Amino acid sequence: MLSSELRWFVTLAEEGQVTAAAAELGIAQPTLSRRLAALEQRMGIDLFDRHGRRLRLNVHGRLLYDHARRALDELTAAEDRIAELTSASEGTVRLDFLHSLGPWLVPELIREFRVDAPRIRFALHQDASGRLAERALAGHSDLAAVSPRPRAEGLAWLLLDHQQLALAVPAGHRLAGRADMDLTEARSEPFIAMHPNYGMRRLLDEAAERAGFAPRIVFESSELATATGLVSAGLGVALVPVREAEPEPAGVVAVPLRGASREVGMVWASGRSLTPPAARFRDFVAARRA
């Protein structure tokens, strides 16, 4: 199997859905479906069990995935070694980041960095905070912009910003007119929360524990935009970060929480040397923060 075939097969196995895998790979969904059909026809076996739109590796697919994953890791290691020999003026930075940092922080950093380093490219990946930490430790990324600071050992941390946290409530809600509030005042409210392993979910759980209650979660989302959209429909309230340049959608009021903020930072594996392009970008971000 060629490296490109390894990559799309591993991505499909990990995503478990053709639509999501095609979006991650940047190819059309029918193209990916044809590739899978051709691979299974060539091997003479099914590699996945189909459950509607979901795909789950069967025993044959799991065996192929395990070998493909190891092969890709070896290819990545080779690419890293080659990148170490590359000048810091060119090459690729593998940068992971949270979905919520995509509209503002990551574009700002890349745009400013490329003024002085136009030949350095970026390979970008979005995911939940917990998975971004895992990817950095496993060597699948060079740097990751995350929030809050991961608990995993073996990660270096660079603090970039503090974001005020707020409770998003529907317009007309009993708390909508408040200048600020304590989270305990929302203990009886239904919550729209992020899925477990997401940074905002961890912040909600920790804040609610400090306030002395367990939030009643009525829906779990993987996108803050979806959460605030459901808030506007009156289905509940949500913990959100405040960005002055990004007002909440119509029908939503963000009430600041007293003494509540989230740390936004960058992590990388402390036990592994960064490639010259990644080290240059990390140093640029650190200087910008200072």
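Residues numbered from 1 in each chain as written. Predicted model: local features only at pLDDT ≥ 70, side-chain atom pairs only at ≥ 80, totals over all residues. Heavy atoms only, no water.

Chemist: I tried to follow the packing of helix α1 (residues 3-15) against helix α2 (residues 18-25) on my own but got confused; where do I start?
Modeler: When two helices pack together, you describe them by how their axes are tilted relative to each other and by the distance separating the axes. The contact between α1 and α2 brings their axes to 8 Å, and the two run at 135°. Taken together, the axes of α1 and α2 lie oblique to each other. As α1 runs across α2, the sense of the crossing is right-handed. In this structure, α1 uses R7, W8, T11, L12 and E15 to contact α2, whose residues at the interface are V18, A20, A21, E24 and L25. (Axes fitted to C-alpha atoms, helices over the stretch in contact; angles between N-to-C directions. Helix = DSSP H or I, 4+ residues; strand = E, 2+ residues; numbered from the N terminus. Parallel < 35°, antiparallel > 145°, perpendicular 65-115°, else oblique. Left-handed = near helix turned anticlockwise from the far one by under 90°. Contact = heavy atoms within 4.5 Å.)

Chemist: For this particular structure, what's the right way to read the packing of aromatic side chains?
Modeler: Given two aromatic rings, one states the distance between the centres and the angle between the planes to describe the pair. Evaluated as defined, the whole model comprises eight aromatic pairs. Note on F113 and F284: the rings are 5.4 Å apart at their centroids and 55° apart in plane angle, and the pair reads as tilted. With F113 in helix α5 (residues 105-116) and F284 in helix α9 (residues 276-289), this pair connects stretches of sequence that are 171 residues apart. On the basis of relative accessible area, F113 is assigned to the buried category, the value being 3%. Aromatic rings pair up to connect F113, F122, F281 and F284 into one cluster. Over the face of the ring belonging to W268 we find R282, whose NZ or CZ atom lies 5.0 Å from the ring centre. (Phe/Tyr/Trp six-rings, centres within 6.5 Å; stacked < 30°, edge-to-face > 60°. Buried < 20%, exposed > 50% of the residue type's maximum accessible area, 1.4 Å probe, protein only. Lys NZ or Arg CZ within 6 Å of the ring centre and 35° of its normal.)

Chemist: So what exactly am I meant to see when it comes to the packing of α5 against α9 here?
Modeler: Two elements in contact, α5 and α9, have axes whose closest approach is 11 Å; the angle formed by their N-to-C orientations is 110°. Of the possible angle classes, the one that applies to α5 and α9 is roughly perpendicular. Note that α5 runs across α9; the crossing there is right-handed. Listed contacts from α9 to E108, L109, E112, F113 and D116 of α5 are R280, F281, F284, V285 and R288. Each residue belonging to the contact of α5 with α9 can be placed in one class, and the counts come to five nonpolar, no polar and five charged. (Nonpolar A, V, L, I, M, F, W, Y, C, P; charged D, E, K, R; others polar.)

Chemist: Explain the confidence of the model for the protein to me, please; I cannot follow it from the model alone.
Modeler: The predicted coordinates should not be examined in detail at positions where pLDDT is low. The predicted model of the protein has a mean per-residue pLDDT of 91, with 96% of residues at 70 or higher. Ranking the elements of the protein by mean pLDDT puts helix α4 (residues 59-84) last, at 85, and strand β5 (residues 143-146) first, at 98. (pLDDT = per-residue confidence, 0-100.)

Chemist: Is there a simple way to think about unusual backbone geometry in this case?
Modeler: Glycine aside, negative phi is the norm for most residues, and most peptide bonds take the trans geometry. In this structure, the amide linkage connecting S147 to the following residue, P148, adopts the cis form with an omega of -10°. One non-glycine residue, N197, lies in the positive phi region at around 85°. Among the structural elements, N197 can be located in the loop between β7 (190-194) and α7 (199-211).

Chemist: Help me understand the side chain of R69, please; the structure alone is not making it clear to me.
Modeler: By the secondary structure assignment, R69 is in helix α4. In this structure the side chain of R69 is engaged in a polar contact, spanning 2.9 Å, whose partner is the side chain of E14. (Polar contact = N/O pair within 3.5 Å; in protein donor to acceptor, adjacent residues only side chain to side chain.)

Chemist: Help me out: how do you make sense of the nonpolar core in this one?
Modeler: Generally speaking, nonpolar side chains in soluble globular proteins are found buried as a group. Grouped together as the largest cluster of nonpolar side chains are 35 residues, with contacts concentrated most on V93, L95, L101, L143, M266 and F281. Those elements that place two or more of their residues in this core are β3 (91-97), α5, β4 (120-126), α6 (129-138), β5, β6 (155-170), β10 (252-269) and α9. With residues near it in sequence (within four places) discarded, L95 still touches V106, I110, F122, A123, L124, H125, L143, A144, M266 and F281. By size, the runner-up hydrophobic cluster in this structure holds 33 residues, among which are I192, A193, Y198 and M200. (Core = buried A, V, L, I, M, F, W, Y, C linked by side-chain atoms within 4.5 Å.)

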